[in-house]
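Chain and residue survey
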Amino acid sequence: MSLVSFLGAVELGLVYSLLAFGTYISFRILSVADLTVDGSFVLGAAVSAMFAFNGMPVAGILLAVLAGGMAGLVTAVLQTKMGIQPILSGILTMTGLYSINLMVMDGKANIPLLNKTNVFTYAQAALDTKAYKVIALACIILFVFAFLNWFFRTQLGLSIRATGDNEAMCRASSIDTDFVKMVGFSLSNSIVALSGALVAQMQQSADINMGSGMVVISFASLIIGSVIIKNKNITLGLLSVIIGSLIYRFIIAMILTTNFPPSYLKLISALVVVTALSVPNLKSKVEINRLRRGF
């Protein structure tokens, strides 16, 4: 693998670890497979691209985070106040976001950002190295990691974790689980939107279909990370997300160096998730059958 390919894999691994952070909050902490991710990722990219196109890249990043939080809030309201099933509420929000994303992008399917100033332009000016994107992304990841590690140890953060573990017990303990879910899903999708915003500025374009398969990619990162680090505390859990995202991107980079058709990459991601999720159950069944034969 060349230095360019290596740096590219690290850059993508870092920026998509933010996507995996968001999925970690919804799937691991709140125990809900939130499909809003595919839409909120593009929403973040669309908002970021439009502001960067008009010369305000930093404002684009900040407003993308806010927009993603609002998308997550809609999903949470559909679940908590309207009684819609969690998976269906995510699908509904994701579907509605397609039209909203087009409106944000002024009806265009693609927003090019070539020769436009972005946050990485500032990083390049400040850092005299080819790895300026890696350094800039690492600083952002470190900040988000530290924030989440702190937040989920606060009273509100612990309430979110408890709600994901046992919602009925939390209700009995007078915890407002509806509010807790709203905060959790808003935080999750705001981080996902941040990932989309950075991807748009890093790749110098935003496309209406760039969110396709983001759920599978984020799940692949989570599953790979959980295999590497099995400890359940929040710090190691977040760290496993970063490691899983980097390993996943290195796997993809290695595949791309061969003659393997790139069109199969999403199929590979799906197979990775299926395998990782099914292996523990299959091992359990094998162990049970072995014990039965022993008797």
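Everything that follows concerns the structure shown earlier in this document.
Read on for a plain summary of the structure. (Residues numbered from 1 in each chain as written. Predicted model: local features only at pLDDT ≥ 70, side-chain atom pairs only at ≥ 80, totals over all residues. Heavy atoms only, no water.)

Quick look at the nonpolar core now. Core analysis: the biggest nonpolar cluster contains 81 residues, and Phe21, Leu148, Phe152 and Leu198 have the highest contact counts within it. Per-element accounting of this core gives the leading share, 13 residues, to helix α9 (residues 177-203). If near-sequence neighbours (up to four positions away) are discounted, Phe152 is found in contact with Ile25, Ile29, Gly157, Leu158, Ile160, Arg161, Leu187 and Ile234. (Core = buried A, V, L, I, M, F, W, Y, C linked by side-chain atoms within 4.5 Å. Buried < 20%, exposed > 50% of the residue type's maximum accessible area, 1.4 Å probe, protein only. Helix = DSSP H or I, 4+ residues; strand = E, 2+ residues; numbered from the N terminus. Contact = heavy atoms within 4.5 Å.)

There is a patch of like positive charges on the surface, built from Arg28, Lys230, Lys232 and Lys283. Mapping Lys283 onto the fold places it in helix α12 (residues 265-294). Its relative accessible area of 59% is what places Lys283 among the exposed residues. (Patch = residues over 30% accessible without salt bridge, like charges linked within 9 Å, V, L, I, M, F, W, Y side chains within 5 Å. Areas by Shrake-Rupley, 256 points an atom, 1.4 Å probe, with all protein chains shown as cover. Salt bridge = Lys/Arg side-chain N within 4 Å of Asp/Glu carboxyl O. Lys, Arg positive; Asp, Glu negative; His and termini not counted. Charge placed at Lys NZ, Arg CZ, Asp CG, Glu CD.)

Turning next to the side chain of Ser159. Following the sequence through the fold, Ser159 ends up in helix α7 (residues 155-165). The residues contacting Ser159, other than those within four sequence positions of it, are Ile175 and Val180.

This paragraph deals with the layout of surface pockets. In this structure, the second largest pocket spans a volume of roughly 350 Å³. Around the second largest pocket, the lining is made up of 17 residues, and of these Ile61, Val65, Ile140, Phe143 and Leu194 lie nearest the centre. Where the lining of the second largest pocket is concerned, the elements lending two or more residues are α3 (57-80), α5 (119-126), α6 (132-151) and α9. Its residues assigned to classes, the lining of the second largest pocket shows 16 nonpolar, one polar and no charged. (1 Å grid on protein atoms, 1.4 Å probe; cavity = no way out; pocket = protein on both sides within 12 Å on 5 of 7 lines; lining within 4 Å. Points joined across faces, edges and corners; volume = space filled by probe spheres on them. Nonpolar A, V, L, I, M, F, W, Y, C, P; charged D, E, K, R; others polar.)

To continue, consider helix α11 (residues 234-256). With 23 residues, α11 ought to run about 33 Å at 1.5 Å a step, and its terminal C-alpha atoms sit 33 Å apart, in line with that. If you check the start of α11, you find a side-chain oxygen 3.0 Å away from the backbone N of Thr235, and it comes from Asn233. (Expected span 1.5 Å × (residues − 1). Polar contact = N/O pair within 3.5 Å; in protein donor to acceptor, adjacent residues only side chain to side chain.)

With respect to the secondary-structure elements, Arg28 resides in helix α1 (residues 3-29). Setting aside residues no more than four positions away along its own chain, Arg28 makes contact with Thr23, Leu222, Ile223 and Ser226.

Let us look at unusual backbone geometry. Notably, Asn115 is not glycine yet its phi reads approximately 65°, a positive angle. Topologically, Asn115 is positioned in the loop between β1 (110-112) and α5. In this structure Asn115 comes out as exposed when scored by relative accessible area, which is 82%. Although it is not a glycine, Gln204 adopts a positive phi angle of roughly 60°. Structurally, Gln204 is set in the loop between α9 and β2 (205-207).

This paragraph deals with the pattern of salt bridges. Across all of its chains, the model carries five salt bridges by this definition. We note a salt bridge from Lys81 to Asp178, for which the minimum N-O separation is 3.5 Å. Placement of Lys81 in the loop between α3 and α4 (86-104) and of Asp178 in helix α9 is noted, with a sequence separation of 97 residues between them. Looking at Asp178, the relative accessible area reads 14%, which means it is buried. The partner of Asp178 in a salt bridge is Arg171, with the nearest N and O atoms 3.5 Å apart. Given a relative accessible area of 46%, Arg171 falls into the partly exposed group. Residues participating in the shared-partner salt-bridge network are Lys81, Glu167, Arg171, Asp178 and Lys181.

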